[in-house]
Amino acid sequence: QVQLVESGGGLAQAGGFLRLSCAASGRISRINAWAYYRQAPGKERELVARLTIAGRTNYADSVKGRFTISIDNAKDTVYLQMNSLKPEDTAVYYCNAHPYYGNDFWGQGTQVTVSS
C-alpha cells in the first residue's frame, strides 16, 4: 500500500501562484509514475501533469509553461508548482501514484480556487 497526503491548496488571484505538495509513504518502490489530476465542478477528472521515475514529464496543454511537477526523493514528496494561475484552473487537485502493477493510489484531494 501507498499513502498520499496532499497539502498546499487554497485561494489565489489570477496571475498568482500556489504550490501543491503530496507526501508519500508506504511501498513507494512499487511506484512507476507520479501525477496530478484535477476535477472541476461538472467536469470529468483530467490529467494535469505526470512524472515518471525515469524523469520524463508530460503536461496538459492548458498548463504547459505554467505548471511544473517535481519530486524530492529524500522527502518522498511530489510537488506541483502552479504559476500564472487562471480562473479556469479552479478545481480539486488529486495526487496520483501509478504502480508497476495493480490499482493506482490517490490522495484525498485539495481545493484550488483562482479568483479573477
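Just above sits the structure.
Reference entry: report on the structure contained in this document. (Residues numbered from 1 in each chain as written. Predicted model: local features only at pLDDT ≥ 70, side-chain atom pairs only at ≥ 80, totals over all residues. Heavy atoms only, no water.)

1. Notes on the pattern of salt bridges
As a reminder, the rule being used: Any carboxyl oxygen of Asp or Glu that lies within 4 Å of a side-chain nitrogen of Lys or Arg is treated as forming a salt bridge with it. Helix numbering and strand numbering both begin at the N terminus, where a helix is a DSSP run of H or I of at least 4 residues and a strand a DSSP run of E of at least 2. Remark: exposure states derive from per-residue accessible area (1.4 Å probe, protein chains only) relative to the maximum for the residue type, with buried under 20%, exposed over 50%, and partly exposed in between.
Applying the stated criterion across every chain, the model contains four salt bridges. One salt bridge in this structure joins Arg38 and Asp89, with 3.0 Å as the shortest N-O distance. Taken together, the positions of Arg38 in strand 4 (residues 31–39) and Asp89 in the loop between strand 8 (77–82) and strand 9 (91–99) put the pair 51 residues apart, joining distant regions of the chain. For the residue pair Arg38 and Asp89, the accessibility class agrees, reading buried in each case. Where Arg66 meets Asp89, a salt bridge forms, and the shortest distance between an N and an O atom there is 2.8 Å. Of this pair, Arg66 sits in the loop between strand 6 (57–59) and strand 7 (67–72) while Asp89 sits in the loop between strand 8 and strand 9, placing them 23 residues apart in sequence. Among the residues examined, Arg66 registers a relative accessible area of 10% and is labelled buried. Among the charged side chains, a salt-bridge network with shared partners connects Arg38, Glu46, Arg66 and Asp89.

2. Section: the side chain of Arg30
Counted only if it meets this: In this tally, Asp and Glu contribute negative charge and Lys and Arg positive charge; neither His nor the terminal groups of the chain are included.
By the element assignment, Arg30 lies in the loop between strand 3 (18–26) and strand 4. Buried within the structure, Arg30 lacks any salt-bridge partner; its nearest side chain of opposite charge belongs to Asp104, at an N-O separation of 8.8 Å.

3. Let's talk about a nonpolar patch on the surface
In plain terms, the rule: Residues form patches when they are more than 30% accessible in relative terms and have no salt bridge. Like charges link within 9 Å. Nonpolar side chains (Val, Leu, Ile, Met, Phe, Trp, Tyr) link within 5 Å. Computed with the Shrake-Rupley method and a 1.4 Å probe, the accessible areas treat only the protein chains shown as cover for residues.
There is a patch of nonpolar side chains on the surface, built from Ile53, Tyr100 and Tyr101 and spanning about 380 Å² of accessible area. With respect to the helices and strands, Ile53 occurs in the loop between strand 5 (46–52) and strand 6.

4. Considering the packing of aromatic side chains
To keep things clear, this is the line we draw: Within 6.5 Å between ring centres, the rings of Phe, Tyr and Trp (the latter by its six-membered ring) count as paired, and their orientation is classed by plane angle as stacked under 30 degrees, edge-to-face over 60, tilted in between. Only Lys NZ and Arg CZ are tested; either one counts as a charge over a ring when it is within 6 Å of the ring centre and within 35 degrees of the ring normal.
A full pass over the atoms with the stated rule returns two aromatic pairs. A connected cluster of aromatic rings, assembled from ring pairs, spans Tyr37, Tyr94 and Trp106. Of note, Arg30 hangs over the ring of Tyr101, and the distance from its end group to the ring centre comes to 5.2 Å.

5. Looking at the pairing of strand 9
For the record, the criterion: Strand pairing requires that DSSP identify at least two bridges connecting the strands.
By the criterion of burial, strand 9 is predominantly enclosed, with seven of the nine residues buried. Looking at chain direction, strand 4 and strand 9 are connected through eight bridges and run antiparallel. When the sheet's bridge partners are listed, Ala33 is paired in strand 9 with His98. As judged from the three bridges shared by strand 9 and strand 11 (residues 110–115), these two strands associate in the antiparallel manner. Note that in strand 11 the partner of Tyr93 across the bridge is Thr110. Taken together, the two bridges between strand 9 and strand 10 (residues 105–106) define a ladder with antiparallel strand orientation. Note on strand 10: the bridge partner recorded for Asn96 is Trp106. Taken together, strand 9 and the strand that follows it, strand 10, pair antiparallel across an intervening segment of five residues, in which Gly102 is found at a positive phi of about 95 degrees.

Read these as geometric descriptors, not functional statements.
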